[in-house]
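Summary of the model geometry
Each chain is listed here by its residues.
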Amino acid sequence: MRLSARSTTAPAPDVSVIIPTYNRIAMLKEALASVLEQTFAGTVEIIVVDDNSQDGTPSTIREQYPDIYLIACSKNGGPSAARNKGICAAQGRYIAFLDSDDLWEADYLKTQVDTLNRQVSPEPTHFSVSDVWLWETDRNVRLHRPQGMHPDYSSLLHHLLAAGSFIHTPSAVVVHRQAFDQVGLFNESLRFAEDTDLYIRLLMVGYQPVFTRKILTIRRKHSQGQAIEPKNIDLRIQSRIGTLKKYYPLIGTEEIEPSLKDISAQIYAQFATQCYRSQHFLKWIALLIASRQYTSWQAVMLRVHHDFGFTARKISGFLRKWRAPEIV
């Protein structure tokens, strides 16, 4: 990999890597190391967008990484605003996002860019998506998280509206730079699911994901400022319902079979299941009751049965492990 210098006379880089960060200097250094170790043979510019960190991030980047293009924000604007600043500054043909708490395997960029270059089309119509390792740092365990549509949904757009993104992190996505000229930037008014909102707009103008099925992105599961916390459930529901009401009237019935009411019920049921699996049982019950305004009690009871099945499977797995004879 060759780092591209920021110059008006230098050729445009093949890829712009955009890394938004806020008070994560230790993890940021690890993320940068994973970029600098890429086997990709093309030219890459690295753009770090510091969202007004108070841990010395800007000075560290200037002193230790002089070849990296730093955008230091004077006030905190959130991840969408930080990514947008990076996109506007990017000079590469492709945009690759990497959150500062995530990592890439060494052949990430090579695989993603090669995948896009193999698509036969006069115009860019795809974005590439790798599979993800979910790294539970407290237990030091990695779990494979495949990407793609869940079979419960009739289309990718249905999945995005009802269940949120079928992509676990933007750090697993590479997209043509010109896609943002067509669909716009990240919606900075959204506190949650700004990536879901972007994918909806990409699909609506004809872009499609290409899944490499290779596990090349590492997403850390930790407690430092991540949005997937139980206390955020109500805000996330409001955000998803707002997205549904915004885009559903703009999407044809050939793309989404269920009604607006049915998808609203699915949103509540999906978050209820999250609460059940994280053992927030009172919230689970409250969300199931709330879903009743959009669906029948029979459908609610089917979701209860579905969630109880999760416990049954865990108990069954434990018993099989407990009963298994030791192999000496």
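Overview of the structure. (Residues numbered from 1 in each chain as written. Predicted model: local features only at pLDDT ≥ 70, side-chain atom pairs only at ≥ 80, totals over all residues. Heavy atoms only, no water.)

The next subject is unusual backbone geometry. The phi torsion of most residues other than glycine is negative, and most of the peptide bonds are trans. Backbone geometry places asparagine 52, a non-glycine residue, at a positive phi of 65 degrees. Take asparagine 52: its relative accessible area is 24%, and that puts it in the partly exposed class. Unusually for a residue other than glycine, asparagine 140 sits at a positive phi of about 55 degrees. Here asparagine 140 is to be found in the loop between β7 (126–136) and β8 (141–145). (Buried < 20%, exposed > 50% of the residue type's maximum accessible area, 1.4 Å probe, protein only. Helix = DSSP H or I, 4+ residues; strand = E, 2+ residues; numbered from the N terminus.)

What follows covers the side chain of threonine 217. When you line up the elements, threonine 217 lands in strand β10 (residues 208–221). Discounting residues that sit within four places of it in the chain, threonine 217 has contacts with Leu103, Trp104, Tyr108, Ser130, Asp131, Val132, Trp133, Thr169, Ser171 and Ala172. (Contact = heavy atoms within 4.5 Å.)

Right, let's talk about the pattern of salt bridges for a bit. Opposite charge on two side chains allows them to pair when their charged atoms are near. Enumeration over the complete set of coordinates arrives at ten salt bridges. Note that arginine 139 is salt-bridged to glutamate 136, the shortest N-O span being 2.5 Å. Here aspartate 197 and arginine 201 are joined by a salt bridge, their closest N and O atoms 2.9 Å apart. In this pair, aspartate 197 and arginine 201 are both assigned in helix α7 (residues 194–204), four residues apart and thus about one turn of the helix distant. The exposure classification of aspartate 197 matches that of arginine 201, with both residues buried. Through salt bridges with shared partners, one network takes in Arg83, Asp99 and Glu194. (Salt bridge = Lys/Arg side-chain N within 4 Å of Asp/Glu carboxyl O.)

Coordinates in, geometry out; function isn't part of it.
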